[in-house]
Amino acid sequence: GEGGAEAPRKRRRVSSGKAKRAWAAADGDEGDAVEDGSPSAAKSGSGRAPSAFIIFSNERRAGIRAEHKDIKITEISKRCGEMWRAMSKEEKEPYEAQAQALRDAIKKDAKANKAAARKAGRKSAEAEAEPEEEPKPKGRRGRKSKAELEAAAAAAAAA
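Residues numbered from 1 in each chain as written. Predicted model: local features only at pLDDT ≥ 70, side-chain atom pairs only at ≥ 80, totals over all residues. Heavy atoms only, no water.

A. Summary view of the overall build of the chain. Helix and strand counts for the chain stand at 6 helices and 0 strands. Reading the chain from its N terminus to its C terminus gives the helix and strand order α-α-α-α-α-α. Taken across its 159 residues, the chain has 16% of its residues classed as buried. Of the contacts formed within the chain by residues at least 6 apart in sequence, a portion of 57% connects residues at least 24 apart. By element, 52% of the accessible surface of the chain is carried by carbon and sulfur atoms, the whole surface being about 13,200 Å². (Helix = DSSP H or I, 4+ residues; strand = E, 2+ residues; numbered from the N terminus. Buried < 20%, exposed > 50% of the residue type's maximum accessible area, 1.4 Å probe, protein only. Contact = heavy atoms within 4.5 Å. Areas by Shrake-Rupley, 256 points an atom, 1.4 Å probe, with all protein chains shown as cover.)

B. Region of the structure containing the confidence of the model for the chain. Per-residue pLDDT for the chain averages 75, and the proportion of residues at 70 or more is 58%. Across residues 29–44, where pLDDT falls below 50, the model places 14 contacts with residues more than four positions away in sequence or in other chains. (pLDDT = per-residue confidence, 0-100.)

C. A look at the pattern of salt bridges. Applying the stated criterion to the full structure yields 1 salt bridge. Arg79 is the salt-bridge partner of Glu75, the closest N and O atoms lying 3.5 Å from each other. You can see Glu75 and its partner Arg79 sitting in helix 4 (residues 73–86), 4 residues apart, about one turn around the helix. Relative accessible area serves as the criterion here: at 28%, Arg79 is assigned to the partly exposed category. (Salt bridge = Lys/Arg side-chain N within 4 Å of Asp/Glu carboxyl O.)

D. Fine view of a negative patch on the surface. On the surface, Glu90, Glu91, Glu93 and Glu96 cluster together into a negatively charged patch. For Glu90, a relative accessible area of 60% gives the class exposed. (Patch = residues over 30% accessible without salt bridge, like charges linked within 9 Å, V, L, I, M, F, W, Y side chains within 5 Å. Lys, Arg positive; Asp, Glu negative; His and termini not counted. Charge placed at Lys NZ, Arg CZ, Asp CG, Glu CD.)

E. How the structure looks around a positive patch on the surface. There is a patch of like positive charges on the surface, built from Lys114, Arg118, Lys119 and Arg122. By secondary structure assignment, the location of Lys114 is in helix 5 (residues 89–128).

F. Structural view of the side chain of Lys92. Within the secondary structure, Lys92 is located in helix 5. Comment: no salt bridge for buried Lys92; closest opposite-charge side chain is Glu96, at 6.4 Å. In contact with Lys92, other than residues within four places in its own chain, are Trp84 and Met87.

G. Fine view of the packing of aromatic side chains. Applying the stated rule across the entire model yields 4 aromatic pairs. An aromatic cluster is defined as three or more aromatic residues linked by ring pairs; in this entry it consists of Phe53, Phe56, Trp84 and Tyr95. (Phe/Tyr/Trp six-rings, centres within 6.5 Å; stacked < 30°, edge-to-face > 60°.)

H. View of helix 3 (residues 52–67). Taking 1.5 Å as the rise per residue, helix 3 with 16 residues should run 22 Å; its terminal C-alpha atoms sit 23 Å apart, in good agreement. The largest bend in helix 3 comes to about 35 degrees, at Arg60. Residues Ala52, Ile55, Phe56, Ser57, Arg61 and Ile64 constitute the buried set of helix 3. (Expected span 1.5 Å × (residues − 1). Bend = angle between axes of the 7 residues up to and from the residue.)

Rendered as structure tokens:
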């Protein structure tokens, strides 16, 4: 600002779920993370499994944060990227295997959920199907006779 001390910087407003998780993870806060070990707990909000680099970054982020208390999230990300690029294929292999296992588990989960939804859809469709009140007559293209119409009208009037 003009003449005087600068106003304190505002923390940037974080609106997307992915960005919120990144900020929470950088602060060491897992928020509403599920700790049951299911593939759903490990996947990102997009429904996709994390990549090997993301798994690596999540592992290293806390250590970098502990070493440098006032470091920005962007700087942490840069350092993780530099460390990842410096690694050999052999060093990356455990992260690749973990990412593949998560992809497979999430794919399996999705198939099971889809099958369960289909099964539930069939059950609800059967429950919603109303039973037929009376069988359709075979002749006269399904039309009621004059006598049947008069009987139905008389029954309605009596009720």
